[in-house]
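Take a look at the letters that make up each chain.
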Amino acid sequence: MMDVPITRFVALLKRHGIAVSPAEAIDALQGLALAGIDDRETVRVVLRSTLVKQCQAIAEFDRLFDLYFSLPAPAEDGSPEERSGAGSTLLPDAGGATVPTPEGARAELAPVEMETDRTTRAPVTPEYKGVDLSLFGQHLLLQQRKDAGQNGYKPTFHVNARHNPGMPAGGELSTGDPGEEIDLGGAVEALLADLRALEVDEALLEQLEARLAGGLTRLPELLRRYRVRDAALHRARDPAAAPPRATRRTYRFNDHERRQMDEIIRRLGRQMRGALSYRKTANRRGRINVSRTIRGNLKYDGVPFFPVLSNQREERPRLTVICDVSLSVRTTARFMLHLVYSLQSLFSRVRSFVFVSDLAEISAEIERSSLEETIDRVFSGEIINTEENSNYGRALEIFYERYRSAATSRTTLIILGDGRGNRNPPNAWILEELRRRCKQVIWLTPESRGSWHIGASDMPTYAPICHKVEVVRNLDQLGRVAESLVRSSFANRR
Amino acid sequence: MFETIDQVVTLLRQQRYICDRKLATVIFLALKMNKPVLIEGPAGVGKTELAKTVARALNRRLIRLQCYEGLDEARALYEWEYGKQLLYTQILREKIGSLFAEMEDLRAAVEYLRQHEDVFFSEHFMVRRPILQAIASPEPVVLLIDEIDRAEEQFEAFLLEVLSDFQVTVPEIGTIVARHPPLVCITGNNTRELSDALKRRCLHLAIGYPDEERELEIIRLKVPELRESLARQVVSLIRRIRAMDLRKAPSISETLDWAQALVLLNAEQLSRELVEETLQLILKYDRDVQQVSAQLPVLLDGAPGAARPTFDNMDLREQQERYRINERAYFSSRREE
C-alpha cells in the first residue's frame, strides 16, 4: 500500500525538476520495505538515497519532503504538550511520539496560513484545484507508529478511509466548510466495524478509537490546514515565493534554462566521448611499433614478449572567447560563457575576454571565484566600464596589443557581438591578422543578416573575414553552434 | 551481516568510525538490496575510510580500484597475459610439433589446433584486475572504486554490467557471475557530472562536513590525547575557516592532522602565533594561508562579524556549491601544472 504515496511523491519531484526513473521509484519502495517506515528520518534517507542522485537537488528534495510528509499542527486549541513538541501528527494523543515538523517547512507555511486565515474559504492560489483526499488518507498511513502497523491494519484503514460512503468520491472537496458535509461519525463507525471484523488486536482497536476521538473533533481544522499545505506544494514554484536573494541575480539561469543547458552539455559530452579518451602517456593501445618492439625484445632472442604499442599523441584544441558585454548582447554572452566553461574539459586551454570599449581577460577571475559570480561582476561594471558605447575597433586593438599570445595555430577564436561599433574605426585588419594566426575564427551575432545594413553595423566588414558567422538568438541555436564547433575542432581526430 | 540500522551504527563505531543514522541507513540498504553505493562529498570527509571500515566491520576483504585518467578495462577488469602465453608456446614448442607431426595436411592441423585453442585463452592466462577479483572471489568482499570522476566517462560504461548484474563478460571465456555479490562503494569528488546510467544503478550518499558535536567526537576518538578545551577551540576555529571563501577548505582529515600536531607541540591553547605557525597543516594553498592569517585576530576572537554567513547556517545547497567551486578551482589549477 505504500506505492501510491510514493509514486505521487515521485511525480512531485519530477514536477520540480528532479529526474527520477521508474527503476529508482521501485528501489525506493524496496528500500522502504527493508528499512521500515516507522521513523521519519529513515524514510527521508531511504527516499533521498534512492531517488535523488544529484547533490544540487538535495536541498530541494528536503524541502519537498518536509512539505509532502508533514501536516501542520492543529490550531491553538491543541493540548500544551503537542504545542511544545511542535507536533504535526494528525492524531496527537497517540502513543506519545509526535513527528516534528521541520522548521523550514513551517516557516514556509507560515505566510500561507496567515493568508488563508484572512480569506478563509477562498482558494489559496488561482491554480489551486482542491484537496486530494486520498492523499490525506495516505498521509495518515505514513505517519502511523510502528506499534500500530500490524498485519492487516494499514491496508484496511486506508481502503476504508477512501471508500466510505460519507466521503465524496474522487477526492474533490467542495467549497463549503469541510467538516459539515462529511458524515464523519458514520465513517468512523464503519471503519471500526470493519476493523473488528478483521479480528485485529483489541488493544490496538482501543488505541485507534481513542486517537480518532481526539482527531475527529479537530478534523475540519486539520483538513483546512491540510489544504493549505497541499496548496503550498502546488505553488512552490511560484517565482514570488522564491527566496529574496534571487532577485539580485538577474543574470543567473532559471531552472528551465539550466536544464536546457545541461542537456546541451550532456549531448556534446556524449558526442565527444571518443575524442576525449585519448591517452597522453601510456601507449597501451595503438599499433605495434615494429622497430621499438624488436629493439626492446632483443634480449629474448627477438621473440616479441613485450610488444611496444604506440599511437599518435593528440593535441587538444584551445579556445579563446571574446565577448561583447554591452547591453544588447548580454544574454547571449552569458549563455556563451557558461557553455564554454562547461565544456572546458574538452579543450586544453580556455581563455575568455570581455569588452565594451575596454577589453579585459576574465579567465583568472573565473578560476578564482565562480563563473556566475564573475559574470555578475562583469555586468555590474566592476571589471570594465559597461556604461560606454561599444567600440569594436578599440577592443580588437587592445586584444591584439596585449593578448596576441592567446591566438595560436591551435586556437579556435570565438567572437560574440553584434558588430555595432558606433561608427568607430572597425580595425578590420586586426581581425584579418587574427584569422591568419588562428585555426579558425567564428563570429556569433544575435542579429539576423537582414538587419546588418541598418544603422552603424560593421558586420558586413567583419563577416567575410571570419571562417564562419552564425546567428545565435536562443539556447537551441547556441547548442547547435557549439555542437558544430566541437565537431570541427575534433574533426581530424579519427 | 548487519541486521538493523542501529547495528550498523554500533559496528562502525566499534571500528572507530563515527557515523550518523543517515549514513548507516544507506549502508544497510546497500547490503540488503545488493546495490552499489555512490558516495560523494568534498575531499577528506572520510569517503574512502567508510568503505574500509565497512569491510572491517563485515570482516570482508577490501578490494580497491583507484581510478585515474586513462584507466581502461585492461587495468580494471582483466587482461590476457601475453608474455605467459608466449612463454608457454615456446616451452611447449616440441610437444606441439610432435602433435602436429601426424597431421596429414595443413587443413587438418588447423582444425586440430582450433580444438585446443581454449588452452591458451583460459583463466590460467588471465590477469584478474580488481573488479574481476571482486566478482570471482569465493567469499563476499567489499569493492571500493575510488574517485571515479578521475576516470573518463566511457569507463563508467564498463562498470554498468558489473554494477547491475554483478557479472563480467569475457568474450573468449564467457560470463563470470559473482557467487556473492560484493558490496560496491564508489566515491566521487564531484569534479564532473557522472552519467545518469551509473547513478541510476547506485544508492546515493552525500557526505558533507560533520556538525560541531560529531567533529568533536571524531577528534576525541582519533586523537584522545588532545585536551577537551583545546579540541573545542580547534573545532570552532576550523568551522570558521571553512566558512571563508577558500580554494580548499580544511576537511576532517586536516582537522585530525592539526589536532595530532597540537598534541606533539604540547599546546595548551590556541594562540595567534601557534595557529600561524601550524596553518600550513590545514591549508594547502599559499593564498589561502595568507587570507586566513590576515583574518586570524577576528577568527580567534570569536564572533566573526555576525553578518557573515558561517558554514553552519548555510543551507546544504550553499555548502555544496561552495565546495564545488573550490574543487573546480583546484582541478583547473592542477591541469595547468
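For the structure itself, look to the data block above.
Please read these numbers as outputs of a predicted model, since none were measured by experiment.

On to the sheet that holds strand β3 (residues 318–324) of chain A. All names here are of chain A. Read across the open sheet, the 6 strands follow the order β5-β4-β3-β6-β7-β8; overall the sheet is mixed. Edge positions in the sheet fall to β5 (359–361) and β8 (468–471), since each has one partner strand and no second. In this sheet, adjacent strand axes meet at a mean angle of 20° when their direction is disregarded. The pairing of strand β4 (residues 349–355) with β5 spans 3 bridges and is antiparallel. Paired with Phe-355 across the strands is Leu-359, a residue of β5. This element, helix α19 (residues 392–402), spans β3, β4, β5, β6 (411–416) and β7 (440–445) of the sheet and lies at about 40° to β5.

All names here are of chain B. Between helix α12 (residues 228–243) and helix α15 (residues 286–301), the least distance of the axes is 11 Å, while the angle of their chain directions is 130°. Classified by the interaxial angle, the pair formed by α12 and α15 is oblique. Helix-helix and strand crossings are classified by hand; for α12 and α15 the assignment is right-handed. Contacts between α12 and α15 involve Leu-237, Arg-240 and Ile-241 from the former and Val-292, Leu-299 and Leu-300 from the latter. Among the residues forming the contact of α12 with α15, the class breakdown is 5 nonpolar, no polar and 1 charged.

Further remarks concern helix α1 (residues 5–14) of chain B. Turning to α1 of chain B, its buried residues are Ile-5, Val-8, Val-9, Leu-11 and Leu-12 of chain B. Here the buried face of α1 of chain B lies against α2 (22–35) and α3 (40–51) of chain A together with α2 (21–33) and α3 (47–58) of chain B. A positive backbone phi angle near 60° is found at Arg-16 of chain B, which sits one or two residues after α1 of chain B.

This part takes up the packing of helix α11 (residues 212–222) of chain B against α12 of chain B. All names here are of chain B. Taken N-terminus to C-terminus, the directions of α11 and α12 make an angle of 130°; their axes are 10 Å apart at the nearest point. Relative to α12, the element α11 lies oblique. When you trace α11 past α12, the crossing you get is right-handed. Residues Glu-212, Glu-213, Glu-215, Leu-216, Ile-219 and Arg-220 of α11 touch α12, and the partners they reach there are Glu-228, Ala-231, Arg-232, Val-234, Val-235, Ser-236, Ile-238, Arg-239 and Arg-242. Here the contact of α11 with α12 is built from residues that sort into 6 nonpolar, 1 polar and 8 charged.

In this structure, Phe-9 and Leu-47 of chain A together with Leu-50 of chain B are the most contacted members of the largest nonpolar core, which totals 93 residues. Top element by residues in this core is α2 of chain B. It accounts for 9 residues. Grouped together as the second largest cluster of nonpolar side chains are 37 residues, Ile-264, Val-321, Met-336 and Leu-339 of chain A included.

Under the definition given, this model contains 23 aromatic pairs over all chains. For the pair Phe-65 of chain A and Phe-69 of chain A, a centre-to-centre distance of 4.9 Å together with 50° between the ring planes defines the contact as tilted. According to the relative accessible area criterion, Phe-69 of chain A is buried, its value standing at 5%. Residues Phe-100 of chain B and Tyr-112 of chain B carry aromatic rings whose centres are separated by 5.8 Å and whose planes lie at 85° to one another, so their mutual orientation is edge-to-face. With Phe-100 of chain B in helix α6 (residues 93–101) and Tyr-112 of chain B in helix α7 (residues 106–115), this pair connects stretches of sequence that are 12 residues apart. Owing to a relative accessible area of 24%, Tyr-112 of chain B belongs among the partly exposed residues under this scheme. Taken together, Phe-9, Phe-61, Phe-65, Tyr-68 and Phe-69 of chain A form an aromatic cluster joined through their ring pairs. Above the face of the Tyr-400 of chain A ring, Arg-404 of chain A is positioned so that its terminal group lies 4.5 Å from the ring centre. Note that Arg-242 of chain B overlies the ring of Tyr-209 of chain B, its terminal NZ or CZ placed 4.3 Å from the centroid.

Cut-off values and rules
Residues numbered from 1 in each chain as written. Chains lettered and ligands numbered in written order. Predicted model: local features only at pLDDT ≥ 70, side-chain atom pairs only at ≥ 80, totals over all residues. Heavy atoms only, no water. Pairing = 2+ DSSP bridges. Helix = DSSP H or I, 4+ residues; strand = E, 2+ residues; numbered from the N terminus. Axes fitted to C-alpha atoms, helices over the stretch in contact; angles between N-to-C directions. Contact = heavy atoms within 4.5 Å. Parallel < 35°, antiparallel > 145°, perpendicular 65-115°, else oblique. Left-handed = near helix turned anticlockwise from the far one by under 90°. Nonpolar A, V, L, I, M, F, W, Y, C, P; charged D, E, K, R; others polar. Buried < 20%, exposed > 50% of the residue type's maximum accessible area, 1.4 Å probe, protein only. Core = buried A, V, L, I, M, F, W, Y, C linked by side-chain atoms within 4.5 Å. Phe/Tyr/Trp six-rings, centres within 6.5 Å; stacked < 30°, edge-to-face > 60°. Lys NZ or Arg CZ within 6 Å of the ring centre and 35° of its normal.

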